[in-house]
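Chain by chain, the residues:
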Amino acid sequence: MRSMNQLGNDLYTGKTSFPFVGRRRLWFIIAAILVIGAALVPLFRPIQFSIEFTGGSQFTVSGISAPDQALATSAVQSVVPGTTTKVTTIGAADGEQSIRVQTDQMTDEETRAVSAALAEAYSVSADEVSSSFIGPSWGQDVTRQSLWGLAIFLALTFIILAVYFRTWKMSVAAIVGLVDVLVVTVGVYALFGFEISPAAVIGFLTILSYSLYDTTVVFDKIRENTREDGEGSGRTFGESVNLAVNQTLIRSINTTVVAAIPTGAILFIGALWLGAQTLTDISLSIFVGTIVAAYSTLFVAAPLFSLLRENEPAIKARDARALAARERAAVAA
């Protein structure tokens, strides 16, 4: 069995080659299925937004050794029947746990009554129950600013890549890859019922930056190969692109693994040990997005760029000459 070093060397020299470009139709079909499926998931399992986006009241009951979520639901319903209630257990490093209860927005009188009911249900003092509320206008502001941040990020990405690589087609391929990452990641969130919070949005922007970095490295190698490969190489434009992706494959895998392992560790520690919700939200989005970004760069962005360029007259003429040279060499041999 070949070592990883030998495999990397074979991929770099072209002795071993994975058909990223040659079988792009298959990869595009798979990517389309994933994107369409991710886009349809919210129709069956609505996206869960945190209280920062939807607005509402939040109660936290601290100092509980054996939390029972049903007690919280019963306490809230006894005060405000029919209100929407979401109960979450939050761990802590000292062994004690807390209960977080999120509801529709309540009046001051209802808030005091629910706090008292929760304190009684869990047999804790009133000081162990804290409450807060977020108005709907604040949630709308958070949503609007998040969308603006995403739009500005994509616009700047398009402009910078077009200037750096001197072709808008690389920008289009990169943006399609980024949108693919974002849609699939949000679809995963909806499918498994993960909550989207401001921290998760920060994570989304972070993984878009990671995906952009990965794509830029691959595209830089593609530019190097397609610029330096002459007719004497015997490779078509698509083959030069495929070689570049294979040459960066091991680096992409290593980068993904190196990024996913510590992020997964933070996710585990934050969610199951410390109970730090912010750590959980941001690490979860980065963990999922990192894996999706690796596939998107290799199977979507790079093959799409090759497709966009192959119909250019200059590229078609170059490919024809390369194939003709290859045929002459085969006949001579």
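See above for the structure.
Parameters at a glance
Residues numbered from 1 in each chain as written. Predicted model: local features only at pLDDT ≥ 70, side-chain atom pairs only at ≥ 80, totals over all residues. Heavy atoms only, no water. Pairing = 2+ DSSP bridges. Helix = DSSP H or I, 4+ residues; strand = E, 2+ residues; numbered from the N terminus. Axes fitted to C-alpha atoms, helices over the stretch in contact; angles between N-to-C directions. Contact = heavy atoms within 4.5 Å. Salt bridge = Lys/Arg side-chain N within 4 Å of Asp/Glu carboxyl O. Buried < 20%, exposed > 50% of the residue type's maximum accessible area, 1.4 Å probe, protein only. Core = buried A, V, L, I, M, F, W, Y, C linked by side-chain atoms within 4.5 Å. Phe/Tyr/Trp six-rings, centres within 6.5 Å; stacked < 30°, edge-to-face > 60°. Patch = residues over 30% accessible without salt bridge, like charges linked within 9 Å, V, L, I, M, F, W, Y side chains within 5 Å. Areas by Shrake-Rupley, 256 points an atom, 1.4 Å probe, with all protein chains shown as cover. Left-handed = near helix turned anticlockwise from the far one by under 90°. Nonpolar A, V, L, I, M, F, W, Y, C, P; charged D, E, K, R; others polar.

**Section: the sheet that holds strand E3 (residues 85-90)**
In step 1: Here 4 strands make up an open sheet; going across it, the order is E3-E4-E2-E5 and the pairing antiparallel. Of all strands in the sheet, those bounded by a partner on one side alone are E3 and strand E5 (129-134). Taken pair by pair, the neighbouring strands of this sheet meet at an average axis angle of 15°, ignoring direction.
In step 2: For strand E2 (residues 56-64) and E5, the ladder comprises 6 bridges, and the chain directions are antiparallel. Among the inter-strand pairings, Val-61 is bridged to a residue of E5, identified as Val-129.
In step 3: Docked against the sheet, helix H4 (residues 69-79) engages E3 and strand E4 (97-103), running at close to 145° with respect to E3.

**Focus on the pattern of salt bridges**
In step 1: Tallied over the full model, the rule gives 7 salt bridges.
In step 2: In this structure, the salt-bridge partner of Asp-214 is Arg-251, at a minimum N-O distance of 2.3 Å. Of the two residues, Asp-214 sits in helix H8 (residues 198-228) while Arg-251 sits in helix H10 (residues 249-274), which places them 37 residues apart along the sequence.
In step 3: The salt bridge partner of Arg-223 is Asp-220, with a shortest N-O separation of 2.9 Å. Of this pair, Arg-223 and Asp-220 both sit in helix H8, separated by 3 residues, roughly a single helical turn.
In step 4: Under the relative-accessibility criterion, Asp-220 is labelled partly exposed at 29%.
In step 5: One network of salt bridges, with partners in common, ties together Lys-169, Arg-309 and Glu-312.

**Details of the nonpolar core**
In step 1: Counting 48 residues, the largest nonpolar core has Ile-196, Leu-208, Phe-219, Ile-222, Val-245 and Phe-305 as its most contacted members.
In step 2: Every element with two or more residues in this core is listed here: helix H6 (136-165), helix H7 (168-192), H8, helix H9 (237-247), H10 and helix H11 (277-310).
In step 3: Per-element accounting of this core gives the leading share, 12 residues, to H11.
In step 4: Not counting chain neighbours up to four residues away, the residues in contact with Leu-208 comprise Leu-150, Phe-153, Leu-178, Val-181 and Leu-182.

**Observations concerning the packing of aromatic side chains**
In step 1: A complete count under the given rule lists 11 aromatic pairs for this structure.
In step 2: Ring geometry for Tyr-189 versus Phe-194: centroids 5.5 Å apart, planes at 80°, classification edge-to-face.
In step 3: Judged by centre distance (5.3 Å) and plane angle (75°), the ring pair of Tyr-189 and Phe-204 falls under edge-to-face. Linking Tyr-189 in helix H7 with Phe-204 in helix H8, this pair joins segments that are 15 residues apart in sequence.
In step 4: With a relative accessible area of 7%, Phe-204 lands in the buried category.
In step 5: Through pairs of rings, three or more aromatic residues link up here, namely Phe-18, Phe-20, Trp-27 and Phe-299.

**Some remarks on a nonpolar patch on the surface**
In step 1: On the surface, Ile-36, Leu-40, Leu-43 and Phe-44 cluster together into a nonpolar patch covering about 470 Å² of accessible area.
In step 2: Considering the arrangement of structural elements, one finds Leu-40 in helix H2 (residues 24-44).

**A look at the packing of H4 against helix H5 (residues 108-121)**
In step 1: At a minimum axis separation of 9 Å, H4 and H5 run at an interaxial angle of 145°. When you trace H4 past H5, the crossing you get is right-handed. Judged by residue contacts, Leu-71, Ala-72, Ala-75, Val-76, Ser-78 and Val-79 of H4 engage Glu-110, Ala-113, Val-114, Ala-117, Leu-118 and Ala-121 from H5.
In step 2: Along the lines of polarity and charge, the residues of the contact of H4 with H5 split into 10 nonpolar, 1 polar and 1 charged.

From the geometry alone we can't say anything about function, so treat these as descriptive.
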